[in-house]
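Analysis of the macromolecular model
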Amino acid sequence: MATSKLQALWNHPAGPKTIHFWAPTFKWGITIANVADFAKPPEKLSYPQQIAVTCTGVIWSRYSTVITPKNWNLFSVNVAMAATGIYQLSRKIQALAVQIFNNLFYISRHDYFSEAEAAVAEE
């Protein structure tokens, strides 16, 4: 039974004997790199890069479902790319919103007190 399933995978039109298998498999490297970037501060992320990752994921996910034969490896890697790209963009936008809020509405003690009074107030 397992042998027949492996043989079916091996002989599939999008199986390991074709580029339709290996291209999406190596594309997982982009997704893994994007996941590794979760540890980066949002300020170091690039809008153009994350928009490209997200759009690529969305467009090619759709494409992988309308081609013949269906390429589920291509579909899954592109869904993962879109998800990680959307997450990274949301982190970047949230950081920008916090920065704008702080710049607009944050009132420092130094706005009301001298340096000496502010130092005493902090103690």
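In this report, we go over the structure that sits alongside the text. On a predicted model such as this, the values are computed, not experimentally measured, just so you know. (Residues numbered from 1 in each chain as written. Predicted model: local features only at pLDDT ≥ 70, side-chain atom pairs only at ≥ 80, totals over all residues. Heavy atoms only, no water.)

1. Focus on the overall build of the protein
For the protein, the count of helices and strands is five helices and zero strands. When the helices and strands of the protein are listed from N to C terminus, the series reads α-α-α-α-α. Buried residues in the protein amount to 26% of all 123 residues. Counting contacts in the protein only where the partners sit at least 6 residues apart, residues at least 24 apart contribute 70% of the total. For the protein, the computed accessible surface area is about 8800 Å², with 68% contributed by carbon and sulfur atoms. (Helix = DSSP H or I, 4+ residues; strand = E, 2+ residues; numbered from the N terminus. Buried < 20%, exposed > 50% of the residue type's maximum accessible area, 1.4 Å probe, protein only. Contact = heavy atoms within 4.5 Å. Areas by Shrake-Rupley, 256 points an atom, 1.4 Å probe, with all protein chains shown as cover.)

2. Comments concerning helix H4 (residues 72-105)
Taking 1.5 Å as the rise per residue, H4 with 34 residues should run 50 Å; its terminal C-alpha atoms sit 49 Å apart, in good agreement. Those residues of H4 not exposed but buried are Leu 74, Val 77, Asn 78, Ala 80, Met 81, Ala 82, Thr 84, Gly 85, Gln 88, Leu 89, Arg 91 and Lys 92. Check the buried side of H4 and you find it contacts helix H2 (19-36) and helix H3 (47-66). (Expected span 1.5 Å × (residues − 1).)

3. Remarks on the packing of aromatic side chains
Scanning the entire structure with this criterion turns up five aromatic pairs. Plain terms: the ring middles of Phe 21 and Trp 22 are 4.7 Å apart, the flat faces sit at 90 degrees to each other, and that makes the pair edge-to-face. Note on Trp 22: relative accessible area 38%, which makes it partly exposed. Geometrically, the ring pair formed by Trp 72 and Phe 75 is edge-to-face, given 5.6 Å between the ring centres and 85 degrees between the ring planes. Taken together, the positions of Trp 72 and Phe 75, both in helix H4 and three residues apart, correspond to about one turn of that helix. An aromatic cluster is built from Phe 21, Trp 22 and Phe 26, whose rings are joined through pairwise contacts. Sitting over the face of the ring of Tyr 47, Lys 92 holds its NZ or CZ atom 5.1 Å from the ring centroid. (Phe/Tyr/Trp six-rings, centres within 6.5 Å; stacked < 30°, edge-to-face > 60°. Lys NZ or Arg CZ within 6 Å of the ring centre and 35° of its normal.)

4. Digging into the packing of H3 against H4
In the contact formed by H3 and H4, the axes pass within 7 Å of each other and the chain directions differ by 150 degrees. What the angle tells us is that H3 and H4 run roughly antiparallel. Considering only the axes of H3 and H4, their crossing is left-handed. The class makeup of the residues in the contact of H3 with H4 is 16 nonpolar, eleven polar and one charged. (Axes fitted to C-alpha atoms, helices over the stretch in contact; angles between N-to-C directions. Parallel < 35°, antiparallel > 145°, perpendicular 65-115°, else oblique. Left-handed = near helix turned anticlockwise from the far one by under 90°. Nonpolar A, V, L, I, M, F, W, Y, C, P; charged D, E, K, R; others polar.)

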